[in-house]
Amino acid sequence: MIKKGKRKVRLRWLSVTSIIILLLSYTPVLAQESYTISGKISDIENGETLFGASVFLEGTTIGVVTNEYGFYSITAPKGEYRLLITYMGYADIKQDVNLDRNQNFNFELSEISTQLDEVEVTAEESEIAVLRKPEMSVLKMNIETVKQMPVVLGEVDILKSLQMLPGVTNNGEGTGGFHVRGGAGDQNLVLLDEAIIYNTSHMFGFFSVFNADAIKDVKLYKGGIPARYGGRVSSVLDVRQKDGNSKRFAATGGIGIISSRLALEAPLFKEKGSFLIAGRRSYADLLLKAAGQDNSVSFYDLNLKTNYKINTNNRLFLSGYFGRDAFELGENFSSSYGNSTANLRWNHIFNEKLFSNLSLIYSKYDYELGITSAEFNWVSSITNYNIKYDLKYYFSDKFKLDFGASGIHYEFDPGEIIPTTETSSVNPLLLDKKKALETGVYVNAEHKLTEKLTAQYGLRYSAFSRLGGQPMTEYENDQPVVYNEDLGIYERGTAIGETVYEKGDAIKTFGNLEPRASLAYTLNDNSSLKAGFSRVAQYIHLLTNTSSATPLDVWAPSGQYINPQLSNQYALGYFRNFKNKAYSMEAEIYFKNTDNRIDYIDGSDLIGQNTIETEILKGESRAYGLELLFRKNEGKFTGWISYTLSKSEQRTPGGNAGGLGINDGNWYNTPYDRTHDVSISGSYKLNEKWSFGTNLVFQTGRPVTYPNGQYEYEGVSIASYSDRNSDRLPAYHRLDLSVNYKPNRKPNAKLKGEWVLGIYNAYNRKNAASVSFGQNVETGANEATRTAIFGIVPSITYNFKF
Amino acid sequence: MKNYIKLLLALFTVALTGCEDVIDVDVQTDTLRLVVEASLDWEKGTTGNEQLITLRTSTPFFDTESTNVTGAEVSVTNNATGEVFLFTDQNNGTYTTSTFEPQLEATYTLEILYDGERYIAEDTMNPVPDITDIYQDTEDGFDDETIELHIVFTDFEEEGDNYLFKFERPQDLLPTLETGDDEFINGNEVDWWYEIDDDEDEEIQPLLPGDVVNISMHGISRSYFNYIDIVIDQMGGVGIFEATPVDVKGNCINTTNPDNYAHGYFRVTQTNKATYTVQ
């Protein structure tokens, strides 16, 4: 606790903290005696802590919002106040306080709909434009909103729902991952309870790994990434699992066409703790097997979370996720992949102003392929151990400080071939395992400069060491890729030897300062202007030269031949609420450029490739755009219209390899460039029984490379292709509809059921996932074949909870 | 090995996708280029004197009527000996010789003078191991009910061998081309299988008893492997899980006007040929 800037704060472990203390001692001393109120805010029904609830002193501009663990701390001069706690969708709480000493207040809010039988729907606080905080370029989605949106085959999907908001797209139906502001899929840091998820897709991207029943909050940073995050240049998707009901036993579940779900939660240790266990499994494989099919596909997920409150100031959380996909094609081919994560966290409240969290995190992604007829298995994986310590210091009503440090140890196992029989004609092979260490320290201040101007500024220092214990190939003239002047093509360089790095050695070390800053200027009670800048470094890269990422793609660390990606992003925004927050509007423009973005030479071969440097050239990318979001937050009808106008392109000069580079060194579209992207999402609540939802999406087609001629060779028509990504697929559009029906139930019945009927792609648009060009095998004529993934897809799901 | 994985990804695409149809698409049109099909294949057990080179022009993608190129001057030189083999214009797009002398490990240079421009290309003749057995089975391959052919050979001891296989059934319009290298199989006895998948949409039958299959197996240079491997990958189009298609450049350089490079390839290979009748 700090009073008048004099009392000592007890901090240990981190050298960074001493810097912080120094910094703190220079902050202006408050003119009169101040005291602090702190505590936690949770839901009265299930005990889940509420993230983003606001705590205000009525009649002042002093206030805060709760953090991820529901904690708040508010400091004000001595006096009598009325404390106002609000969270949209919940009833307000008012509490008179006499601020003559530091106090602790925990509040439990109750949902409005459970109090009154109202038909009114209101958006969650988190979805209304936030005016005073400098936070911008952030998308929040309430899990209830996600659950009400129409989705393909009735599988609720956070990632697909986020794509309905500005600046977020995918690479076509049935493909994994997502793209933020023209960035690549590997530029998104995806965190599930702080653990890195390396592959977010089930069934190659048809569904995502997030089981909505186990998720509490979803927050996507498209820019203005806070200093506490680092490692990916495009975005951070921070997904938090529920803690588990600490009041009573509860179950939620659902039965759908693709999968069934069940989540159980209950208090533990006399309400000192709670747990959540949620599972989901698809059953297409069972049906296929029953139908006598050899081919099968399946996936499952398991989400676990438990927490234990040691005392008021100490709480432990343990969470885990296990998910796996399996494919079998006939008897000869099988493949499986999945993520596993675990996180042990310790929340410690030092005093009413200083909150801390220590996390120990493990995460792993692995891929396996077995080919029985060729008698071998192929395995690859990436594993990381992560230690992270984050603190938040609520210095005064004008000044708050986040600071902390993290270290991630990576092990890349890019691939191994294991012959399964002695007679296998395939030799065993082990690609070089790679190790690396990524560390970061950061400090970030939220500073209310005047009544109207709030700033957030911070600095992150990140360092990355590619560790030894492997040989590195050396190339003639230090050129892993060489331009062949005569043929006009890039070729693999000539290896001239190897340097073996011992385990203790670092092959290469990088360090980067990453400043982050944003400003919010409140124009009036209903509108504000914001500006932001962020610089982010990314040290690991997903290697993929296919139109869509596949589960086989491997991650590679920066090192001797691959430099870290470095990105600068600038954004400006205008935010406005109308009619007492019934409507809100957000408009942003952004520009970002990224250095050291790699692209692949023509004919690159990444499968089983030990020397990736011979397949790539280094370039840069840039993206800019305008994003508009208009929401209706209240009433029977709620929803939004989102529009993005953007450009995303890259250029890859020859550099050290010689030559002009890919596409003759000219700028070309990235595969994630979408000129126009319009999404409309709406829901209408007719009464307690019936509600309706709809989505309408329109997008410019994805950039692709089409043929520009053909010639006959070896009795076959061979296509010659035009410049990289200089053509486009036809425009993408579709309409989805859904109906939710909650049958009559007795007032006291515990079981609450709900039917969800959906129609995806209602007018059966054949959206091209790809157009491929080839010869008709009967006529020999060249033709263009469109592959559409989903036509009209009806679905039915039954959800229940008790 | 890599081909298995590529094929597997292609199959995933098929397995996961519902609906395919042929559509009209506007494509760009490149300048029309000279197309060189100069495949000097020395079949084992023959003299290899008789050789043929075909010259055509490329066409817009949806036009398949190519023009034969006549009036060009075509010659091949053995770099080591300096011996020149002249190819005679047959006035139908083909140019022939009956005096070619194949020599393993020798590098040859092709020279074409056409339309005031000079094209040159180089390739080295690589040996091919003998096929020791050809048999049929059903158990391997993607489908354990359809017949696949097996070709057995022993890879040379030294690493760096590259192969091209061509399978043709007289009743099919298009041949099947496959490439292999010894990156994962160096020095081993290799059992290479070939299967035609039962495709319900396109009326291509799997291998059936009575089918005649013409097989050729070439020992090829690494640079030709790099070329033909991409060409084969991109044949029939690429799906979403396959590499973005690229314009593949062959080895025929236009020394007069480098931008006006030719399509196609000048290859010199040693070749095994066999014919198998499915039982």
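Since the structure is predicted, the reported quantities are computational estimates derived from the model, not experimental observations.

**Here we look at the sheet that holds strand β13 (residues 195–196) of chain A**
Hydrogen bonds along the backbone pair up the strands of a sheet, which may run parallel or antiparallel. Residues and elements named next belong to chain A. Strand order across the open sheet formed by 5 strands is β9-β16-β17-β12-β13, with mixed pairing between neighbours. Strands at the two margins of the open sheet, each flanked by one partner only, are β9 (138–142) and β13. Two strands pair when backbone bridges link them, and strand β12 (residues 188–192) and strand β17 (residues 235–241) are joined in this way by 5 bridges, in the parallel orientation. Across the sheet, Asn 188 pairs through a bridge with Ser 235, a residue of β17.

**Describing the confidence of the model for chain B**
On average, chain B scores 86 in pLDDT, and the residues at 70 or more come to 88%. Mean pLDDT across the secondary structure elements of chain B bottoms out at helix α1 (residues 2–16) of chain B, with 56, and peaks at strand β7 (residues 107–114) of chain B, with 95.

**As for the nonpolar core**
Leu162(A), Phe210(A), Leu237(A) and Tyr410(A) are the most contacted members of the largest nonpolar core, which has 105 residues in total. In this view, Tyr410(A) contacts Ile196(A), Tyr198(A), Arg232(A), Ile382(A), Thr383(A), Asn384(A), Lys434(A), Lys435(A), Ala436(A), Glu438(A), Phe464(A) and Ile540(A); residues no more than four positions away in its chain are not counted.

**Concerning the packing of aromatic side chains**
Evaluated as defined, the whole model comprises 47 aromatic pairs over all chains. Relative to Phe107(A), the ring of Phe105(A) has its centre 6.0 Å away and its plane inclined at 20°; by these criteria the two rings are stacked. A relative accessible area of 18% places Phe105(A) in the buried class. Judged by relative accessible area, which is 5%, Phe107(A) ranks as buried. Grouping aromatic residues by their ring pairs yields a cluster made of Phe153(B), Tyr163(B), Phe165(B), Phe167(B), Trp192(B) and Tyr194(B). It is Arg345(A) that lies over the ring of Phe317(A); its NZ or CZ is 5.6 Å from the centre. Residue placement shows Arg631(A) over the ring face of Trp640(A); its charged tip is 5.5 Å from the ring centre.

**Some details on the interface of chain A and chain B**
Each partner contributes to the interface: chain A provides 81 residues, whereas chain B provides 87 residues. For the pair chain A and chain B, the number of links is 5 salt bridges. The partner of Lys166(B) in a salt bridge is Glu714(A), with the nearest N and O atoms 2.5 Å apart. Here chain A and chain B share 17 residue pairs in polar contact (both at pLDDT 80 or more) between them.

**Structural notes on empty space enclosed by the protein**
By rolling a water-sized probe across the atoms, one finds the places where empty space is left. Residue and element names in this part refer to chain A. Size it by volume and the largest cavity reaches roughly 380 Å³. Surrounding the largest cavity, 33 residues form its lining, Gln 163, Asn 170, Glu 173, Tyr 732 and Arg 734 being those nearest its centre. Considering only residue class, the lining of the largest cavity consists of 14 nonpolar, 11 polar and 8 charged. Here the lining of the largest cavity spans two domains, since at least three of its residues come from each of domain 2 (126–237) and domain 3 (238–801).

**Some details on the domain arrangement of chain B**
Quoted interface sizes are often the accessible area lost when the parts come together. Residues and elements named next belong to chain B. If you check the domain split of chain B, you get domain 1 (34–126 + 250–268) and domain 2 (127–243 + 271–277). Here the C-alpha centre of domain 2 lies 25 Å away from the C-alpha centre of domain 1. Contacts between domain 1 and domain 2 engage 14 residues on the former and 15 residues on the latter. If you sort the residues of domain 1 by the area they bury against domain 2, Lys 44, Asn 126 and Tyr 265 come out on top, with a joint share of 48%. For the interface between domain 1 and domain 2, the tally reads 1 salt bridge. Its salt-bridge partner being Lys 44, residue Asp 130 comes within 2.6 Å of it at the nearest N-O pair. For the pair domain 1 and domain 2, the number of links is 8 residue pairs in polar contact (both at pLDDT 80 or more). Of all elements in the fold, only β2 (34–43), β8 (117–124) and β16 (263–277) reach the threshold of two or more residues within the side of domain 1 that touches domain 2.

**Section: the sheet that holds strand β51 (residues 768–775) of chain A**
Taking strand neighbours across the sheet as the criterion, the 3 strands line up as β51(A)-β52(A)-β1(B) in an open arrangement whose pairing is antiparallel. Among the strands making up the open sheet, the edge pair consists of β51 of chain A together with β1 (19–23) of chain B. Within the sheet, the average angular offset between the axes of one strand and its neighbour, ignoring direction, is 30°. Two strands pair when backbone bridges link them, and strand β52 (residues 782–788) of chain A and β1(B) are joined in this way by 5 bridges, in the antiparallel orientation. Paired with Thr785(A) across the two strands is Val22(B), which belongs to β1(B).

So, how was this worked out
Residues numbered from 1 in each chain as written. Chains lettered and ligands numbered in written order. Predicted model: local features only at pLDDT ≥ 70, side-chain atom pairs only at ≥ 80, totals over all residues. Heavy atoms only, no water. Pairing = 2+ DSSP bridges. Helix = DSSP H or I, 4+ residues; strand = E, 2+ residues; numbered from the N terminus. pLDDT = per-residue confidence, 0-100. Core = buried A, V, L, I, M, F, W, Y, C linked by side-chain atoms within 4.5 Å. Buried < 20%, exposed > 50% of the residue type's maximum accessible area, 1.4 Å probe, protein only. Contact = heavy atoms within 4.5 Å. Phe/Tyr/Trp six-rings, centres within 6.5 Å; stacked < 30°, edge-to-face > 60°. Lys NZ or Arg CZ within 6 Å of the ring centre and 35° of its normal. Salt bridge = Lys/Arg side-chain N within 4 Å of Asp/Glu carboxyl O. Polar contact = N/O pair within 3.5 Å; in protein donor to acceptor, adjacent residues only side chain to side chain. 1 Å grid on protein atoms, 1.4 Å probe; cavity = no way out; pocket = protein on both sides within 12 Å on 5 of 7 lines; lining within 4 Å. Points joined across faces, edges and corners; volume = space filled by probe spheres on them. Nonpolar A, V, L, I, M, F, W, Y, C, P; charged D, E, K, R; others polar. Domains from an automatic or database assignment. Buried area = accessible area lost by both parts, 1.4 Å probe. Axes fitted to C-alpha atoms, helices over the stretch in contact; angles between N-to-C directions.

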